Amino acid sequence: MNDLWNQIELVSEWLSASAQWHGDDGIPHRLLQHLHYSGLSLLFAALIGLAFGLLVGHTGRGGFLVASLANIARAVPTIGLILLVVTVAGLGVTPVLVALTALAIPPILVNTFEGIRGVDADAKDAAQGMGMTGWGVLWRVEAPMALPLILLGLRTAAIQIVATATIAAYPGLGGLGRYIVDGLARNDYELVIGGTVVVVVLAVVVQLVFALLRRLVVSRGLLGSSRPS
Amino acid sequence: MEIDWGWIGEHVPDLTDRGVIHLRLSLLPVVFGLVISLPLGVLCRRFGWLYPPTLTIANVLYAIPSLALYMVFIQYTGVNASTVMIPLTLYSLSVLVPNVVDGLGSVPDPVRQAATAMGFGTLRRLVQVELPIAVPVVIAGVRVASVSSISLVSVGQLIGQGGLGYDIIRGFQLDFPTQILAGSLLIIVLALVVDAILVLVQRLLTPWARARGRTA
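This one's a predicted model, so the numbers in the text were calculated from it and none came from an experiment.

> Would you take a moment to explain the packing of helix H6 (residues 109-117) of chain B against helix H7 (residues 122-152) of chain B for this structure?
How two helices sit against one another is set out by the angle between their axes and by the gap between those axes. Residues and elements named next belong to chain B. H7 packs onto H6 with a crossing angle of 160° between their chain directions and a minimal axis gap of 11 Å. Put simply, H6 runs roughly antiparallel to H7. Two packed elements cross with a definite hand, and for H6 against H7 that hand is right-handed. Residues Val111, Arg112, Ala115 and Thr116 of H6 form the contact with H7, whose own contacting residues are Arg125, Val129, Glu130 and Ile133.

Following this line, the structure appears as C-alpha coordinates:
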(Lines give C-alpha, C1' and ligand atoms only; values in the text may rest on other atoms or scores of the structure.)
Protein backbone atom coordinates (compact mmCIF):
# COMPACT_ATOMS: atom_id res chain seq x y z
CA MET A 1 0.00 0.00 0.00
CA ASN A 2 2.94 2.26 0.76
CA ASP A 3 4.08 1.79 -2.81
CA LEU A 4 0.73 2.90 -4.11
CA TRP A 5 0.77 6.05 -1.97
CA ASN A 6 4.25 6.89 -3.17
CA GLN A 7 3.12 6.55 -6.76
CA ILE A 8 0.07 8.73 -6.24
CA GLU A 9 2.30 11.35 -4.63
CA LEU A 10 4.78 11.20 -7.50
CA VAL A 11 2.02 11.58 -10.07
CA SER A 12 0.38 14.51 -8.31
CA GLU A 13 3.77 16.24 -8.02
CA TRP A 14 4.39 15.65 -11.71
CA LEU A 15 0.95 16.90 -12.66
CA SER A 16 1.21 20.03 -10.56
CA ALA A 17 4.67 21.11 -11.78
CA SER A 18 4.15 24.22 -13.88
CA ALA A 19 6.45 22.94 -16.65
CA GLN A 20 3.75 20.39 -17.38
CA TRP A 21 1.28 23.06 -18.39
CA HIS A 22 3.28 25.23 -20.79
CA GLY A 23 5.22 24.95 -24.02
CA ASP A 24 5.69 22.20 -26.59
CA ASP A 25 6.26 19.51 -24.00
CA GLY A 26 3.37 20.62 -21.82
CA ILE A 27 0.23 18.54 -21.34
CA PRO A 28 -2.10 20.90 -23.27
CA HIS A 29 0.08 20.78 -26.41
CA ARG A 30 0.63 16.99 -26.20
CA LEU A 31 -3.06 16.44 -25.53
CA LEU A 32 -3.98 18.51 -28.58
CA GLN A 33 -1.61 16.46 -30.76
CA HIS A 34 -3.06 13.27 -29.32
CA LEU A 35 -6.62 14.43 -30.02
CA HIS A 36 -5.58 15.44 -33.54
CA TYR A 37 -4.30 11.93 -34.44
CA SER A 38 -7.15 10.21 -32.61
CA GLY A 39 -9.95 12.41 -33.93
CA LEU A 40 -8.93 12.20 -37.58
CA SER A 41 -8.40 8.43 -37.39
CA LEU A 42 -11.78 7.92 -35.75
CA LEU A 43 -13.41 10.07 -38.44
CA PHE A 44 -11.85 8.07 -41.31
CA ALA A 45 -12.60 4.76 -39.64
CA ALA A 46 -16.19 5.83 -38.96
CA LEU A 47 -16.74 6.88 -42.59
CA ILE A 48 -15.43 3.56 -43.91
CA GLY A 49 -16.85 1.32 -41.18
CA LEU A 50 -20.32 2.89 -41.17
CA ALA A 51 -20.63 2.96 -44.96
CA PHE A 52 -19.76 -0.71 -45.39
CA GLY A 53 -21.56 -1.80 -42.24
CA LEU A 54 -24.81 -0.09 -43.30
CA LEU A 55 -24.52 -1.38 -46.86
CA VAL A 56 -23.76 -4.99 -45.96
CA GLY A 57 -26.23 -5.06 -43.08
CA HIS A 58 -29.02 -3.63 -45.24
CA THR A 59 -28.49 -5.85 -48.27
CA GLY A 60 -27.68 -8.87 -46.12
CA ARG A 61 -24.97 -9.85 -48.62
CA GLY A 62 -21.25 -10.17 -47.92
CA GLY A 63 -21.55 -10.75 -44.19
CA PHE A 64 -18.93 -13.49 -44.22
CA LEU A 65 -16.54 -11.25 -46.16
CA VAL A 66 -17.02 -8.42 -43.66
CA ALA A 67 -16.32 -10.70 -40.72
CA SER A 68 -13.20 -12.11 -42.38
CA LEU A 69 -11.83 -8.68 -43.37
CA ALA A 70 -12.47 -7.34 -39.89
CA ASN A 71 -10.61 -10.30 -38.46
CA ILE A 72 -7.59 -9.72 -40.69
CA ALA A 73 -7.58 -6.02 -39.82
CA ARG A 74 -7.71 -6.94 -36.13
CA ALA A 75 -4.66 -9.16 -36.61
CA VAL A 76 -2.50 -6.40 -38.10
CA PRO A 77 0.08 -5.35 -35.49
CA THR A 78 -0.37 -1.58 -35.20
CA ILE A 79 3.26 -0.94 -34.32
CA GLY A 80 4.42 -2.96 -37.35
CA LEU A 81 2.17 -0.97 -39.69
CA ILE A 82 3.30 2.39 -38.26
CA LEU A 83 6.99 1.52 -38.41
CA LEU A 84 6.73 -0.01 -41.89
CA VAL A 85 5.07 3.09 -43.35
CA VAL A 86 7.54 5.38 -41.52
CA THR A 87 10.51 3.38 -42.84
CA VAL A 88 9.22 3.38 -46.41
CA ALA A 89 7.60 6.83 -46.67
CA GLY A 90 9.38 8.84 -43.98
CA LEU A 91 8.24 10.31 -40.69
CA GLY A 92 4.89 12.06 -40.73
CA VAL A 93 1.36 11.97 -39.41
CA THR A 94 0.13 9.79 -42.31
CA PRO A 95 1.55 6.46 -41.05
CA VAL A 96 -0.09 7.01 -37.69
CA LEU A 97 -3.43 7.88 -39.27
CA VAL A 98 -3.28 4.83 -41.57
CA ALA A 99 -2.46 2.45 -38.72
CA LEU A 100 -4.98 3.86 -36.26
CA THR A 101 -7.71 3.91 -38.91
CA ALA A 102 -7.03 0.25 -39.71
CA LEU A 103 -7.20 -0.52 -36.00
CA ALA A 104 -10.54 1.24 -35.55
CA ILE A 105 -12.45 -0.06 -38.58
CA PRO A 106 -13.20 -3.62 -37.31
CA PRO A 107 -15.22 -2.73 -34.19
CA ILE A 108 -17.21 -0.04 -36.06
CA LEU A 109 -17.83 -2.23 -39.10
CA VAL A 110 -18.77 -5.39 -37.20
CA ASN A 111 -21.08 -3.63 -34.71
CA THR A 112 -22.83 -1.62 -37.44
CA PHE A 113 -23.32 -4.74 -39.51
CA GLU A 114 -24.59 -6.78 -36.55
CA GLY A 115 -26.83 -3.92 -35.43
CA ILE A 116 -28.50 -3.52 -38.81
CA ARG A 117 -28.77 -7.25 -39.35
CA GLY A 118 -30.36 -7.71 -35.93
CA VAL A 119 -33.25 -5.32 -36.62
CA ASP A 120 -36.58 -7.09 -36.19
CA ALA A 121 -37.88 -8.30 -39.56
CA ASP A 122 -41.41 -7.33 -38.53
CA ALA A 123 -40.32 -3.70 -38.10
CA LYS A 124 -38.86 -3.69 -41.60
CA ASP A 125 -41.97 -5.30 -43.05
CA ALA A 126 -44.14 -2.69 -41.34
CA ALA A 127 -41.97 0.11 -42.73
CA GLN A 128 -42.26 -1.31 -46.24
CA GLY A 129 -45.98 -1.74 -45.76
CA MET A 130 -46.17 1.97 -44.92
CA GLY A 131 -44.63 2.65 -48.32
CA MET A 132 -41.02 3.31 -47.36
CA THR A 133 -38.34 2.68 -49.96
CA GLY A 134 -35.05 0.86 -49.29
CA TRP A 135 -33.37 4.12 -48.27
CA GLY A 136 -36.28 5.11 -46.09
CA VAL A 137 -36.17 1.77 -44.27
CA LEU A 138 -32.42 2.08 -43.79
CA TRP A 139 -32.40 5.68 -42.51
CA ARG A 140 -35.65 5.83 -40.58
CA VAL A 141 -35.97 2.30 -39.21
CA GLU A 142 -32.80 0.20 -39.40
CA ALA A 143 -30.20 2.85 -38.52
CA PRO A 144 -32.08 4.26 -35.50
CA MET A 145 -32.76 0.78 -34.17
CA ALA A 146 -29.14 -0.27 -34.65
CA LEU A 147 -27.85 2.93 -33.04
CA PRO A 148 -27.05 1.47 -29.58
CA LEU A 149 -24.77 -1.15 -31.16
CA ILE A 150 -23.29 1.35 -33.62
CA LEU A 151 -22.40 3.66 -30.73
CA LEU A 152 -20.87 0.74 -28.84
CA GLY A 153 -18.66 0.04 -31.87
CA LEU A 154 -17.63 3.70 -32.12
CA ARG A 155 -16.86 3.78 -28.42
CA THR A 156 -14.68 0.66 -28.54
CA ALA A 157 -12.86 2.09 -31.56
CA ALA A 158 -12.33 5.46 -29.88
CA ILE A 159 -10.89 3.90 -26.73
CA GLN A 160 -8.56 1.65 -28.72
CA ILE A 161 -7.37 4.63 -30.75
CA VAL A 162 -6.75 6.83 -27.72
CA ALA A 163 -4.74 4.09 -25.99
CA THR A 164 -2.82 3.05 -29.10
CA ALA A 165 -2.02 6.56 -30.38
CA THR A 166 0.70 6.53 -27.69
CA ILE A 167 2.76 4.31 -30.01
CA ALA A 168 3.11 7.25 -32.42
CA ALA A 169 5.75 8.61 -30.07
CA TYR A 170 8.09 5.69 -30.70
CA PRO A 171 9.21 6.69 -34.23
CA GLY A 172 9.44 10.30 -33.03
CA LEU A 173 5.99 11.87 -33.32
CA GLY A 174 4.14 13.77 -30.61
CA GLY A 175 1.06 13.07 -28.55
CA LEU A 176 0.74 11.82 -25.00
CA GLY A 177 2.88 8.78 -25.82
CA ARG A 178 5.92 11.12 -25.74
CA TYR A 179 5.86 11.02 -21.93
CA ILE A 180 5.72 7.22 -21.87
CA VAL A 181 8.36 6.62 -24.55
CA ASP A 182 10.72 9.34 -23.25
CA GLY A 183 10.23 8.15 -19.70
CA LEU A 184 11.07 4.62 -20.81
CA ALA A 185 14.22 5.81 -22.62
CA ARG A 186 15.39 7.90 -19.66
CA ASN A 187 14.30 5.42 -17.02
CA ASP A 188 12.11 8.19 -15.64
CA TYR A 189 9.30 6.28 -13.95
CA GLU A 190 7.48 9.45 -12.86
CA LEU A 191 7.17 10.60 -16.46
CA VAL A 192 5.80 7.23 -17.62
CA ILE A 193 3.16 7.05 -14.88
CA GLY A 194 2.24 10.71 -15.33
CA GLY A 195 1.69 10.21 -19.06
CA THR A 196 -0.27 7.03 -18.41
CA VAL A 197 -2.59 8.77 -15.97
CA VAL A 198 -3.37 11.47 -18.54
CA VAL A 199 -4.15 8.83 -21.22
CA VAL A 200 -6.39 6.86 -18.86
CA VAL A 201 -8.26 10.03 -17.85
CA LEU A 202 -8.75 10.78 -21.54
CA ALA A 203 -10.11 7.27 -22.13
CA VAL A 204 -12.54 7.61 -19.23
CA VAL A 205 -13.71 10.98 -20.63
CA VAL A 206 -14.29 9.26 -24.00
CA GLN A 207 -16.43 6.63 -22.25
CA LEU A 208 -18.47 9.35 -20.53
CA VAL A 209 -18.95 11.27 -23.78
CA PHE A 210 -20.34 8.15 -25.45
CA ALA A 211 -22.61 7.42 -22.48
CA LEU A 212 -23.98 10.96 -22.81
CA LEU A 213 -24.31 10.63 -26.59
CA ARG A 214 -26.27 7.43 -26.10
CA ARG A 215 -28.76 9.24 -23.89
CA LEU A 216 -29.10 12.10 -26.36
CA VAL A 217 -29.39 10.34 -29.71
CA VAL A 218 -30.83 6.88 -29.05
CA SER A 219 -34.60 6.74 -29.26
CA ARG A 220 -36.27 6.50 -25.83
CA GLY A 221 -38.37 3.60 -27.01
CA LEU A 222 -35.19 1.58 -27.45
CA LEU A 223 -33.47 2.60 -24.21
CA GLY A 224 -36.37 1.42 -22.08
CA SER A 225 -36.41 -2.12 -23.41
CA SER A 226 -32.76 -2.84 -24.14
CA ARG A 227 -30.15 -3.89 -21.61
CA PRO A 228 -27.54 -1.29 -20.72
CA SER A 229 -24.28 -2.19 -22.44
CA MET B 1 10.05 -0.75 -51.44
CA GLU B 2 12.23 -3.72 -52.25
CA ILE B 3 11.88 -7.00 -50.46
CA ASP B 4 15.09 -8.86 -49.70
CA TRP B 5 13.94 -12.45 -50.23
CA GLY B 6 17.42 -13.76 -49.49
CA TRP B 7 17.25 -12.38 -45.96
CA ILE B 8 13.93 -14.10 -45.37
CA GLY B 9 15.32 -17.40 -46.70
CA GLU B 10 18.33 -17.23 -44.40
CA HIS B 11 16.28 -16.39 -41.33
CA VAL B 12 13.52 -19.00 -41.45
CA PRO B 13 14.82 -20.82 -38.31
CA ASP B 14 15.08 -17.54 -36.32
CA LEU B 15 11.64 -16.45 -37.44
CA THR B 16 10.19 -19.84 -36.48
CA ASP B 17 11.75 -19.64 -33.01
CA ARG B 18 10.39 -16.17 -32.44
CA GLY B 19 7.00 -17.25 -33.82
CA VAL B 20 6.79 -19.99 -31.20
CA ILE B 21 7.75 -17.55 -28.44
CA HIS B 22 5.19 -15.13 -29.86
CA LEU B 23 2.39 -17.70 -29.64
CA ARG B 24 3.30 -18.59 -26.08
CA LEU B 25 3.47 -14.95 -24.98
CA SER B 26 0.12 -14.11 -26.56
CA LEU B 27 -2.00 -17.23 -26.03
CA LEU B 28 -1.14 -18.17 -22.43
CA PRO B 29 -2.68 -14.86 -21.29
CA VAL B 30 -5.92 -15.74 -23.13
CA VAL B 31 -5.96 -19.12 -21.35
CA PHE B 32 -5.40 -17.40 -17.99
CA GLY B 33 -8.03 -14.82 -18.94
CA LEU B 34 -10.55 -17.58 -19.65
CA VAL B 35 -9.72 -19.33 -16.36
CA ILE B 36 -10.50 -16.06 -14.56
CA SER B 37 -13.51 -15.07 -16.71
CA LEU B 38 -15.48 -18.31 -16.39
CA PRO B 39 -15.97 -18.19 -12.59
CA LEU B 40 -16.20 -14.39 -12.70
CA GLY B 41 -18.87 -14.55 -15.41
CA VAL B 42 -20.83 -17.19 -13.49
CA LEU B 43 -20.69 -14.99 -10.37
CA CYS B 44 -21.82 -11.94 -12.39
CA ARG B 45 -24.82 -13.90 -13.72
CA ARG B 46 -25.67 -15.12 -10.24
CA PHE B 47 -25.27 -11.76 -8.49
CA GLY B 48 -26.38 -9.16 -11.04
CA TRP B 49 -25.07 -6.20 -9.02
CA LEU B 50 -21.53 -7.49 -9.50
CA TYR B 51 -21.59 -7.12 -13.29
CA PRO B 52 -21.58 -3.32 -13.90
CA PRO B 53 -18.59 -2.59 -11.58
CA THR B 54 -16.67 -5.62 -12.96
CA LEU B 55 -17.28 -4.43 -16.51
CA THR B 56 -16.23 -0.86 -15.65
CA ILE B 57 -12.96 -2.05 -14.10
CA ALA B 58 -12.25 -4.29 -17.12
CA ASN B 59 -12.97 -1.39 -19.50
CA VAL B 60 -10.71 1.03 -17.63
CA LEU B 61 -7.90 -1.57 -17.64
CA TYR B 62 -8.43 -1.98 -21.37
CA ALA B 63 -7.94 1.77 -21.87
CA ILE B 64 -4.46 1.75 -20.34
CA PRO B 65 -1.86 1.78 -23.15
CA SER B 66 -0.05 -1.57 -23.21
CA LEU B 67 3.36 0.06 -23.11
CA ALA B 68 2.43 1.93 -19.94
CA LEU B 69 1.03 -1.19 -18.30
CA TYR B 70 4.25 -3.08 -19.11
CA MET B 71 6.20 -0.28 -17.43
CA VAL B 72 4.06 -0.49 -14.31
CA PHE B 73 4.63 -4.24 -14.03
CA ILE B 74 8.39 -3.92 -14.54
CA GLN B 75 8.44 -2.37 -11.06
CA TYR B 76 7.04 -5.57 -9.60
CA THR B 77 8.13 -8.42 -11.87
CA GLY B 78 11.34 -7.11 -13.43
CA VAL B 79 11.69 -7.71 -17.17
CA ASN B 80 10.56 -11.22 -18.08
CA ALA B 81 7.70 -12.93 -19.88
CA SER B 82 5.22 -12.26 -17.08
CA THR B 83 5.76 -8.49 -17.49
CA VAL B 84 3.99 -8.82 -20.82
CA MET B 85 1.65 -11.69 -20.00
CA ILE B 86 -0.02 -10.16 -16.93
CA PRO B 87 -1.18 -7.02 -18.81
CA LEU B 88 -2.37 -9.14 -21.76
CA THR B 89 -4.35 -11.31 -19.34
CA LEU B 90 -5.99 -8.19 -17.93
CA TYR B 91 -6.85 -6.93 -21.45
CA SER B 92 -8.45 -10.24 -22.40
CA LEU B 93 -10.90 -9.88 -19.49
CA SER B 94 -12.66 -6.92 -21.13
CA VAL B 95 -13.68 -9.19 -24.02
CA LEU B 96 -14.04 -12.52 -22.21
CA VAL B 97 -16.11 -11.54 -19.16
CA PRO B 98 -18.97 -9.93 -21.17
CA ASN B 99 -19.00 -12.89 -23.55
CA VAL B 100 -19.18 -15.44 -20.72
CA VAL B 101 -22.04 -13.46 -19.16
CA ASP B 102 -23.87 -13.09 -22.50
CA GLY B 103 -23.21 -16.74 -23.33
CA LEU B 104 -24.76 -17.92 -20.06
CA GLY B 105 -27.59 -15.46 -20.68
CA SER B 106 -28.25 -17.10 -24.06
CA VAL B 107 -29.40 -20.31 -22.36
CA PRO B 108 -33.18 -20.46 -22.92
CA ASP B 109 -35.22 -20.55 -19.72
CA PRO B 110 -37.16 -23.71 -20.72
CA VAL B 111 -33.82 -25.55 -21.08
CA ARG B 112 -32.76 -24.46 -17.61
CA GLN B 113 -36.13 -25.50 -16.19
CA ALA B 114 -35.99 -28.85 -17.96
CA ALA B 115 -32.56 -29.52 -16.47
CA THR B 116 -33.84 -28.65 -13.01
CA ALA B 117 -36.88 -30.85 -13.51
CA MET B 118 -34.60 -33.74 -14.46
CA GLY B 119 -32.98 -33.36 -11.05
CA PHE B 120 -29.80 -31.53 -12.04
CA GLY B 121 -28.25 -29.61 -9.16
CA THR B 122 -26.95 -26.08 -9.70
CA LEU B 123 -23.37 -27.15 -10.35
CA ARG B 124 -24.21 -30.07 -12.63
CA ARG B 125 -26.68 -27.93 -14.56
CA LEU B 126 -23.99 -25.28 -15.00
CA VAL B 127 -21.31 -27.69 -16.23
CA GLN B 128 -23.41 -30.07 -18.31
CA VAL B 129 -26.12 -27.77 -19.69
CA GLU B 130 -25.44 -24.05 -19.41
CA LEU B 131 -21.72 -23.91 -20.24
CA PRO B 132 -22.04 -26.12 -23.36
CA ILE B 133 -24.86 -23.92 -24.66
CA ALA B 134 -22.71 -20.85 -23.95
CA VAL B 135 -19.79 -22.25 -25.99
CA PRO B 136 -20.45 -20.37 -29.28
CA VAL B 137 -20.62 -16.95 -27.58
CA VAL B 138 -17.64 -17.72 -25.32
CA ILE B 139 -15.55 -18.92 -28.27
CA ALA B 140 -16.47 -15.77 -30.21
CA GLY B 141 -14.88 -13.84 -27.33
CA VAL B 142 -11.84 -16.14 -27.22
CA ARG B 143 -11.33 -15.54 -30.95
CA VAL B 144 -11.33 -11.75 -30.58
CA ALA B 145 -9.11 -11.95 -27.49
CA SER B 146 -6.60 -14.30 -29.17
CA VAL B 147 -6.30 -12.33 -32.40
CA SER B 148 -5.94 -9.03 -30.48
CA SER B 149 -3.40 -10.56 -28.12
CA ILE B 150 -1.28 -11.96 -30.96
CA SER B 151 -1.11 -8.54 -32.62
CA LEU B 152 -0.64 -6.65 -29.33
CA VAL B 153 2.28 -8.72 -28.04
CA SER B 154 4.60 -6.99 -30.53
CA VAL B 155 4.55 -3.80 -28.44
CA GLY B 156 6.23 -5.83 -25.69
CA GLN B 157 9.40 -5.73 -27.75
CA LEU B 158 9.91 -2.14 -26.54
CA ILE B 159 10.80 -3.75 -23.20
CA GLY B 160 12.50 -6.70 -24.91
CA GLN B 161 9.65 -9.25 -24.72
CA GLY B 162 7.80 -9.26 -28.01
CA GLY B 163 8.33 -12.49 -29.94
CA LEU B 164 8.07 -11.48 -33.60
CA GLY B 165 7.88 -7.86 -32.42
CA TYR B 166 11.67 -8.17 -32.36
CA ASP B 167 11.67 -8.14 -36.18
CA ILE B 168 9.41 -5.09 -36.31
CA ILE B 169 11.59 -3.03 -33.95
CA ARG B 170 14.91 -4.35 -35.32
CA GLY B 171 13.82 -3.67 -38.91
CA PHE B 172 12.90 -0.13 -37.94
CA GLN B 173 16.23 0.46 -36.16
CA LEU B 174 18.18 -0.90 -39.14
CA ASP B 175 15.98 0.92 -41.65
CA PHE B 176 15.25 -2.47 -43.22
CA PRO B 177 11.59 -2.76 -44.35
CA THR B 178 11.88 -6.47 -45.28
CA GLN B 179 12.30 -7.45 -41.64
CA ILE B 180 9.40 -5.26 -40.48
CA LEU B 181 7.19 -6.74 -43.19
CA ALA B 182 8.26 -10.32 -42.43
CA GLY B 183 7.51 -9.88 -38.72
CA SER B 184 4.17 -8.16 -39.33
CA LEU B 185 2.95 -10.64 -41.95
CA LEU B 186 3.92 -13.63 -39.83
CA ILE B 187 1.96 -12.13 -36.94
CA ILE B 188 -1.10 -11.77 -39.19
CA VAL B 189 -0.71 -15.35 -40.44
CA LEU B 190 -0.37 -16.71 -36.88
CA ALA B 191 -3.49 -14.80 -35.85
CA LEU B 192 -5.53 -16.15 -38.76
CA VAL B 193 -4.35 -19.74 -38.20
CA VAL B 194 -5.22 -19.57 -34.50
CA ASP B 195 -8.59 -18.08 -35.41
CA ALA B 196 -9.30 -20.92 -37.86
CA ILE B 197 -8.32 -23.50 -35.22
CA LEU B 198 -10.74 -21.91 -32.75
CA VAL B 199 -13.56 -22.13 -35.30
CA LEU B 200 -12.74 -25.83 -35.61
CA VAL B 201 -12.72 -26.24 -31.82
CA GLN B 202 -16.14 -24.64 -31.67
CA ARG B 203 -17.51 -27.08 -34.26
CA LEU B 204 -16.09 -30.02 -32.30
CA LEU B 205 -17.54 -28.73 -29.02
CA THR B 206 -21.01 -28.11 -30.45
CA PRO B 207 -21.84 -31.17 -32.58
CA TRP B 208 -25.57 -30.48 -32.14
CA ALA B 209 -25.25 -27.24 -34.11
CA ARG B 210 -24.11 -29.22 -37.15
CA ALA B 211 -26.75 -31.91 -36.70
CA ARG B 212 -29.45 -29.25 -36.61
CA GLY B 213 -27.98 -27.63 -39.71
CA ARG B 214 -28.27 -30.90 -41.62
CA THR B 215 -31.85 -31.71 -40.73
CA ALA B 216 -33.17 -28.18 -41.17
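> Quick question: what am I supposed to make of unusual backbone geometry here?
Where the residue is not glycine, phi is negative for most of them; where a peptide bond is considered, it is trans in most cases. Even without glycine at this site, A:Asn187 takes up a positive phi of about 60°. Note on placement: A:Asn187 falls in the loop between helix H8 (177-186) and helix H9 (189-217). Even without a glycine there, the phi angle at B:Asp175 is positive, about 60°. Here B:Asp175 is to be found in the loop between helix H8 (165-173) and helix H9 (177-205).

> Where do I start with the nonpolar core in this structure?
Note on soluble globular proteins: their nonpolar side chains tend to be buried together. If you look at the biggest cluster of nonpolar residues, it comprises 56 residues, and the most contacted ones within it are A:Ile79 and B:Val155. If one sorts the elements of this core by residue count, H9(B) sits on top with nine residues. With residues up to four places along the chain from it excluded, the contact list for B:Val155 reads A:Ile79, A:Ile167, B:Ser66, B:Leu67 and B:Tyr70. Membership of the second largest hydrophobic core comes to 42 residues, among which are A:Ile105, A:Val199, A:Ala203 and A:Leu222.

> Is there a simple way to explain the UniProt feature "transmembrane region" (unreviewed entry) in chain B in this structure?
Here, UniProt's "transmembrane region" (unreviewed entry) annotation points to residues 20-43, 55-76 and 180-201 of chain B. Overall, residues 20-43 of chain B shows 100% helix and 0% strand. The separation of its end C-alpha atoms is 35 Å.

> How should the packing of helix H3 (residues 63-75) of chain A against H7(B) be read in this particular structure?
The contact between H3(A) and H7(B) brings their axes to 8 Å, and the two run at 35°. On the side of H3(A), the interface is formed by A:Asn71, A:Arg74 and A:Ala75, while H7(B) contributes B:Arg143, B:Val144, B:Val147, B:Ser148 and B:Ser151. Residues belonging to the contact of H3(A) with H7(B) are distributed by class as follows: three nonpolar, three polar and two charged.

> Would you mind showing me how to read the UniProt feature "domain: ABC transmembrane type-1" (unreviewed entry) in chain A here?
Per the UniProt record, the feature "domain: ABC transmembrane type-1" (unreviewed entry) sits at residues 49-217 of chain A. Across residues 49-217 of chain A, helical content stands at 83% and strand content at 0%; the span's end C-alpha atoms are separated by 19 Å.

> In this structure, what is going on with the UniProt feature "domain: ABC transmembrane type-1" (unreviewed entry) in chain B? I would like to understand it.
Within this numbering scheme, the UniProt entry marks residues 19-198 of chain B as carrying the feature "domain: ABC transmembrane type-1" (unreviewed entry). Summarising residues 19-198 of chain B: 83% helix, 0% strand, and an end-to-end C-alpha distance of 18 Å.

> Would you mind going over the interface of chain B and chain A with me for this structure?
Interface size is commonly expressed as the accessible area that is lost once the parts come together. The partner chain A presents 36 residues to the 38 residues of chain B that form the contact. Regarding the contact of chain B and chain A, the summed buried area is about 3200 Å², with carbon and sulfur atoms giving 75% of it. Three residues, B:Pro65, B:Met71 and B:Phe172, lead the burial of chain B against chain A; their summed loss comes to 17% of the area buried on that side. Connecting chain B to chain A are zero salt bridges. Put simply, chain B and chain A have three residue pairs in polar contact (both at pLDDT 80 or more) between them. Elements represented by at least two residues in the side of chain B that touches chain A include exactly helix H3 (51-63), helix H4 (66-77), H7, H8 and H9 of chain B. Looking at the side of chain B that touches chain A residue by residue, the class counts come to 27 nonpolar, seven polar and four charged.

Conventions and cut-offs
- Residues numbered from 1 in each chain as written.
- Chains lettered and ligands numbered in written order.
- Predicted model: local features only at pLDDT ≥ 70, side-chain atom pairs only at ≥ 80, totals over all residues.
- Heavy atoms only, no water.
- Axes fitted to C-alpha atoms, helices over the stretch in contact; angles between N-to-C directions.
- Helix = DSSP H or I, 4+ residues; strand = E, 2+ residues; numbered from the N terminus.
- Parallel < 35°, antiparallel > 145°, perpendicular 65-115°, else oblique.
- Left-handed = near helix turned anticlockwise from the far one by under 90°.
- Contact = heavy atoms within 4.5 Å.
- Core = buried A, V, L, I, M, F, W, Y, C linked by side-chain atoms within 4.5 Å.
- Buried < 20%, exposed > 50% of the residue type's maximum accessible area, 1.4 Å probe, protein only.
- UniProt positions renumbered as here; feature names shortened; annotations may be inferred.
- Nonpolar A, V, L, I, M, F, W, Y, C, P; charged D, E, K, R; others polar.
- Buried area = accessible area lost by both parts, 1.4 Å probe.
- Salt bridge = Lys/Arg side-chain N within 4 Å of Asp/Glu carboxyl O.
- Polar contact = N/O pair within 3.5 Å; in protein donor to acceptor, adjacent residues only side chain to side chain.

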